[in-house]
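Structural features, examined
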Amino acid sequence: MSAAHLWTVFPRAGPFRVPPTISANGCSVSASMVAAPYRSSEEMVYEVVLKQAALVREQRRTGNDRALADVFKDRNMLNEAYDRCGEVCAEYAKTFYLGTLLMTPERKRSVWAIYVWCRRTDELVDGPNASHITPVALDRWEKRLNDLFEGRPYDLYDAALSDCVSKFPVDIQPFKDMIEGMRLDLRKSRYNSFDELYLYCYYVAGTVGLMSIPVMGICPESNATAESVYNAALALGIANQLTNILRDVGEDARRGRVYLPQDELAHAGLSDDDIFRGKVTDKWRSFMKDQIKRARMFFDEAEKGVSELNSASRWPVLASLLLYRQILDAIEANDYNNFTRRAYVGKGKKLVALPVAYARALMGPSKSSRIGRT
Ligand SMILES: CC(C)=CCC/C(C)=C/CC/C(C)=C/CC/C(C)=C/[C@@H]1[C@@H](COP(=O)(O)OP(=O)(O)O)[C@]1(C)CC/C=C(\C)CC/C=C(\C)CCC=C(C)C
Ligand SMILES: [Mn+2]
């Protein structure tokens, strides 16, 4: 069963152990939050984790990356495709791009290709043409995805990803799930419980962790199980998305969206109206403290997995973890006013985080792995 039972700041019954750190947080619980007589989002997501882990375990057993016949005979075109992905990555995610430069050329360009596909998928619902996006357009995007996985790319960016998935044991499921997340975003603007929100976070961000592991690779000296590394990767995606949500409460509210669990809002004596009013009250501060605590738990869970990654992949992952986590500190520093003040990490703090991440990334997997053995 999954190592990361970081579901909720509220302990609940069911098949999952609740770690003491979570149950000891002093939050009170309502009966509806405890009972979970359904197949939870975590259980559904964990099935995907197991499948991905099996693929990467096979890669570790055989000792090498997949050496399938090259899908593309035209090397120049392929190099250009990857270079274009690198350019997009450098433009949209400078720090992350910098971090990838330490990776082997094959891994580096493959991570760029995955990044570009994710960015384009996100732009469908978040970009300038978002108002024209319909479920049919997402179905077409999924058809393109199937085609590129079968070696029939539609454009240069797709060609790069098509080559990447022919070389590394990358499964199509997390990609499909990210598109599912975009579908969900089109039809849903409220989340009744953290269980519902967790599934959304998995779709749009947890999937990124699952896509990246086969390319970033697990350190050959690692004693950790593939499942535990996948769980950490999943946790980083969830932590990032929760942080993104907490940072953007005001911005999302202005678009009529509330990505906060309705039952937890009600439990804190808050409602959508309080969010639309955008007044920082003690109730809001207290609610936010719990939400931030939960996001940090996911970051902590993710952090345990970083040292198990291939050495060159640790730096970009840790740097992005440290930087994104600091957004939570910035929300606190803004006295929880995420209605009208945007929490951001200043250049100085970013510059400090990079060498810190670099130094910590030099440390290999722990001898007694904290996250599970093979
Ligand atoms: C090193 C590293 C971070 C690698 C990931 C590279 C990659 C493929 C990134 C794709 C990111 C992307 C474009 C996702 C689309 C959906 C989306 C935008 C999600 C949000 C990201 C933050 O972006 P931003 O603040 O720009 O959001 P706006 O669109 O502007 O609102 C997310 C919040 C989530 C992205 C998720 C990750 C970066 C998870 C990465 C996890 C790993 C690489 C696994 C690491 C492994 C272990 C063992 C910890
Ligand atoms: Mn976005």
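Residues numbered from 1 in each chain as written. Chains lettered and ligands numbered in written order. Predicted model: local features only at pLDDT ≥ 70, side-chain atom pairs only at ≥ 80, totals over all residues. Heavy atoms only, no water.

As named in an unreviewed UniProt entry, the chain is 15-cis-phytoene synthase, taken from Aristolochia fimbriata. Annotation of the chain in UniProt includes, under Catalytic activity (unreviewed entry), the sentence "2 (2E,6E,10E)-geranylgeranyl diphosphate = 15-cis-phytoene + 2 diphosphate". What UniProt states about the chain under its Sequence similarities (unreviewed entry) heading is, verbatim, "Belongs to the phytoene/squalene synthase family." (UniProt positions renumbered as here; feature names shortened; annotations may be inferred.)

1. Considerations on the coordination of the manganese ion (ligand 2)
Think of it this way: four donors in a tetrahedron around the metal ideally sit 109.5 degrees apart, and six in an octahedron ideally sit 90 or 180 degrees apart. Donor atoms from the polypeptide that bind the manganese ion (ligand 2) are D122 (OD) and D126 (OD), placed at 2.1 to 2.3 Å. Of this pair, D122 and D126 both sit in helix α6 (residues 105-126), four residues apart, which is roughly one turn of the helix. (Donors = N, O, S within 2.8 Å, 3.2 Å for Na, K, Ca; no water. Helix = DSSP H or I, 4+ residues; strand = E, 2+ residues; numbered from the N terminus.)

2. Here's the deal with the site of ligand 1
In the region of ligand 1, 32 residues are neighbours, and F96, R119, D122, N244 and Y324 sit closest. Between D122 and ligand 1, the recorded distance is 3.2 Å, taken from a side-chain N or O atom to an oxygen atom. In the environment of ligand 1, an oxygen atom lies 3.2 Å from a nitrogen or oxygen atom belonging to the side chain of N244. About the coverage of ligand 1: the protein hides 87% of its 1,000 Å² of free accessible area. With nine residues, the single largest contributor to the shell around ligand 1 is helix α11 (residues 226-247). The residue makeup of the shell around ligand 1, split by class, is 20 nonpolar, eight polar and four charged. (Near = heavy atom within 4 Å. Polar contact = N/O pair within 3.5 Å; in protein donor to acceptor, adjacent residues only side chain to side chain. Areas by Shrake-Rupley, 256 points an atom, 1.4 Å probe, with all protein chains shown as cover. Nonpolar A, V, L, I, M, F, W, Y, C, P; charged D, E, K, R; others polar.)

3. Side note on a nonpolar patch on the surface
On the surface, a nonpolar cluster with roughly 310 Å² of combined accessible area is contributed by L102, Y358 and L362. Positionally, Y358 belongs in helix α17 (residues 347-361). (Patch = residues over 30% accessible without salt bridge, like charges linked within 9 Å, V, L, I, M, F, W, Y side chains within 5 Å. Salt bridge = Lys/Arg side-chain N within 4 Å of Asp/Glu carboxyl O.)

4. Points about the packing of aromatic side chains
According to the stated counting rule, one finds 15 aromatic pairs in the structure shown. Ring centres 5.4 Å apart and planes at 25 degrees place the aromatic pair Y97 and W112 in the stacked group. Taken together, the positions of Y97 in helix α5 (residues 94-100) and W112 in helix α6 put the pair 15 residues apart, joining distant regions of the chain. With 5.3 Å between their ring centres and 20 degrees between their planes, Y200 and Y259 make a pair best called stacked. One end of the pair, Y200, is in helix α10 (residues 194-216); the other, Y259, is in strand β2 (residues 258-261), with 59 residues separating them in the sequence. (Phe/Tyr/Trp six-rings, centres within 6.5 Å; stacked < 30°, edge-to-face > 60°.)

5. Re the nonpolar core
If you look at the biggest cluster of nonpolar residues, it comprises 111 residues, and the most contacted ones within it are W117, L161, L197, Y202, L260, I275 and W284. Broken down by element, the residue count for this core peaks at 15 residues, all from α10. I275 has contacts with V249, A253, V258, L260, L265, W284 and F339, leaving out every residue within four places of it along the chain. (Core = buried A, V, L, I, M, F, W, Y, C linked by side-chain atoms within 4.5 Å. Buried < 20%, exposed > 50% of the residue type's maximum accessible area, 1.4 Å probe, protein only. Contact = heavy atoms within 4.5 Å.)

6. What about the environment of Q291?
Secondary-structure assignment places Q291 in helix α15 (residues 282-306). On the basis of relative accessibility, which here comes to 6%, the residue Q291 falls in the buried class. For the pair Q291 and E264, spaced 27 residues apart in sequence, the C-alpha to C-alpha distance is 9.5 Å. Here the side chain of Q291 touches E264 through a polar contact of 2.9 Å, side chain to side chain.

7. Quick look at helix α7 (residues 135-149)
Between its terminal C-alpha atoms α7 stretches 21 Å, which fits the 21 Å expected from 15 residues at 1.5 Å a residue. Here α7 has its buried residues at A137, L138, W141, E142, R144, L145, D147 and L148. Of the residues trailing α7, G151 is marked for its positive phi of about 85 degrees. (Expected span 1.5 Å × (residues − 1).)

8. Description of the pattern of salt bridges
Tallied over the entire structure, the rule returns 31 salt bridges. Linking E180 and R183 is a salt bridge whose minimum nitrogen-to-oxygen distance equals 2.8 Å. Taken together, the residues E180 and R183, both in helix α9 (residues 173-187) and three residues apart, mark about one turn of the helix. A residue is classified by how much of its surface remains accessible, and R183, at 14% relative accessible area, is buried. Here R285 ties to D335 by a salt bridge, and the two come within 3.0 Å at their closest N and O atoms. Taken together, the residues span a long stretch of sequence, with R285 in helix α15 and D335 in the loop between α16 (311-333) and α17 at a distance of 50 residues. Accessibility expressed as a relative area gives 21% for R285, which makes it partly exposed. Since its relative accessible area comes to 37%, D335 is described here as partly exposed. Connected via shared salt-bridge partners are R120, R144, D155 and D158.

9. Observations regarding α17
Taking 1.5 Å per residue as the helical rise, α17 with its 15 residues ought to reach 21 Å, and the 21 Å between its terminal C-alpha atoms agrees with that figure. Within α17 the residues assigned to the buried category are A353, L354, A357 and A361. Buried residues of α17, viewed axially, fall in a sector of 110 degrees; they line one side. For α17, the exposed residues set more than 90 degrees away from the buried face come down to L351 and V352. (Arc of directions from axis to C-beta.)

10. A word on the packing of α7 against α9
At a minimum axis separation of 10 Å, α7 and α9 run at an interaxial angle of 175 degrees. Here α9 runs roughly antiparallel to α7, going by the angle between their axes. Along the contact surface, α7 presents P135, L138, D139, W141, E142, L145, N146 and F149, while α9 presents F175, K176, I179, M182, R183 and L186. (Axes fitted to C-alpha atoms, helices over the stretch in contact; angles between N-to-C directions. Parallel < 35°, antiparallel > 145°, perpendicular 65-115°, else oblique.)

11. Focus on the packing of α11 against α16
Contact geometry for α11 and α16: axes closest at 10 Å, N-to-C directions at 30 degrees. In terms of axis orientation, α11 runs roughly parallel to α16. Read as a crossing pair, α11 and α16 show a hand that is left-handed. Here α11 contributes L236, N240, T243, N244, L246 and R247 to the contact with α16, which in turn contributes V317, L321, Y324, I327, L328 and I331. Each residue belonging to the contact of α11 with α16 can be placed in one class, and the counts come to eight nonpolar, three polar and one charged. (Left-handed = near helix turned anticlockwise from the far one by under 90°.)

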